[in-house]
Amino acid sequence: MNRRFLLVLSSFSFAVLFLFLVALFSGQGKNISSSFGLKLLRLRIKQWDNTLSTPHRKLLRGMAVEEPNRIWGEKCTKADIVINQGPTAPLPSGIPTYTVEIVNVCVTGCDISGIHLNCGWFSSARLINPKIFKRIRYNDCLVNDGKPLVNGGTLSFQYANTFLYPLSVSRVVCS
């Protein structure tokens, strides 16, 4: 009886140790807590074309976040607009597609209009509603037809091209 108990106990201990080591080295982003207060949280952050991605946002990648430097009386800045984009399923012809999300994250509760992006020679093989996003000239694209993007609001669209266009905010108007 005593031998059987030791065999079961050692098997159980080995299984727990094995599971702990698998969780520790697998990189699956698990939280592991023990009586020693050990907490392991792995977020895989990839650097690719100046974009960041984390496991909970597989679809979208955002530009590095710029913290606003507010001056008295300034309600919003271009840093209050966050752009995330990432690859999605290609067109049937094989052309890669990308989804873009433009979010108003203004902490002062402001609506932002006249959102212009640096966009190079942006073009798409997939039609984009020009009221949502359109290139006006080289390196100047207009979002939401110049109308306000409400606080916390999100605009999204998809485009198709052989490469991802780097998009960044060039100017905004606080409404």
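Just above sits the structure.
Computed from a prediction, not measured in an experiment: that's the story for all the values here. (Residues numbered from 1 in each chain as written. Predicted model: local features only at pLDDT ≥ 70, side-chain atom pairs only at ≥ 80, totals over all residues. Heavy atoms only, no water.)

Visitor: Tell me about unusual backbone geometry, and please be specific about residues and values.
Guide: We note that Asn-144 has phi near 60°; this positive angle belongs to a residue other than glycine. Relative to the elements of secondary structure, Asn-144 occurs in the loop between strand S7 (140–143) and strand S8 (154–160). The backbone of Asp-145 shows a phi angle near 55°, a positive value even though the residue is not glycine. Along the chain, Asp-145 falls in the loop between S7 and S8. Its relative accessible area of 31% is what places Asp-145 among the partly exposed residues. (Helix = DSSP H or I, 4+ residues; strand = E, 2+ residues; numbered from the N terminus. Buried < 20%, exposed > 50% of the residue type's maximum accessible area, 1.4 Å probe, protein only.)

Visitor: Describe the sheet that holds strand S5 (residues 112–118), naming the residues involved and giving the relevant values.
Guide: In spatial order, the strands read S6-S7-S5-S9; together these four strands make up an open sheet with antiparallel pairing. In this open sheet, the two strands that pair with only one neighbour each are strand S6 (133–137) and strand S9 (168–174). Put simply, the sheet's adjacent strands are angled 25° from each other on average, direction ignored. (Pairing = 2+ DSSP bridges. Axes fitted to C-alpha atoms, helices over the stretch in contact; angles between N-to-C directions.)

Visitor: Describe in detail the environment of Thr-154, supporting the description with residues and values.
Guide: Mapping Thr-154 onto the fold places it in strand S8. Discounting residues that sit within four places of it in the chain, Thr-154 has contacts with Glu-101, Ile-102, Val-103 and Leu-149. (Contact = heavy atoms within 4.5 Å.)

Visitor: Outline the environment of Ile-128, listing residues and values.
Guide: For Ile-128, the location among the structural elements is in the loop between S5 and S6. On the accessibility criterion, Ile-128 (13% relative accessible area) is buried. C-alpha separation for the pair Ile-128 and Gln-158, spaced 30 residues apart in sequence, amounts to 7.2 Å. Not counting residues up to four positions away in its chain, the partners in contact with Ile-128 are Phe-122, Phe-133, Phe-157, Gln-158 and Tyr-159.

Visitor: So what's going on with the pairing of strand S4 (residues 97–104)? Residues and values would help.
Guide: Working note: regular strand, side chains alternate between the two faces of the sheet. Among the eight residues of S4, eight are classified as buried, and the element is accordingly described as predominantly covered. Along S4, one buried face is formed by Thr-97, Thr-99, Glu-101 and Val-103 and the opposite face, lined by Tyr-98, Val-100, Ile-102 and Asn-104, is buried too. As paired elements, strand S3 (residues 81–88) and S4 share eight bridges and run antiparallel to each other. Looking at S4, one finds that Ile-83 is bridged to Ile-102. Taken together, the seven bridges between S4 and S8 define a ladder with antiparallel strand orientation. From the neighbouring strand, Thr-99 faces S8, where its bridge partner is Gln-158.

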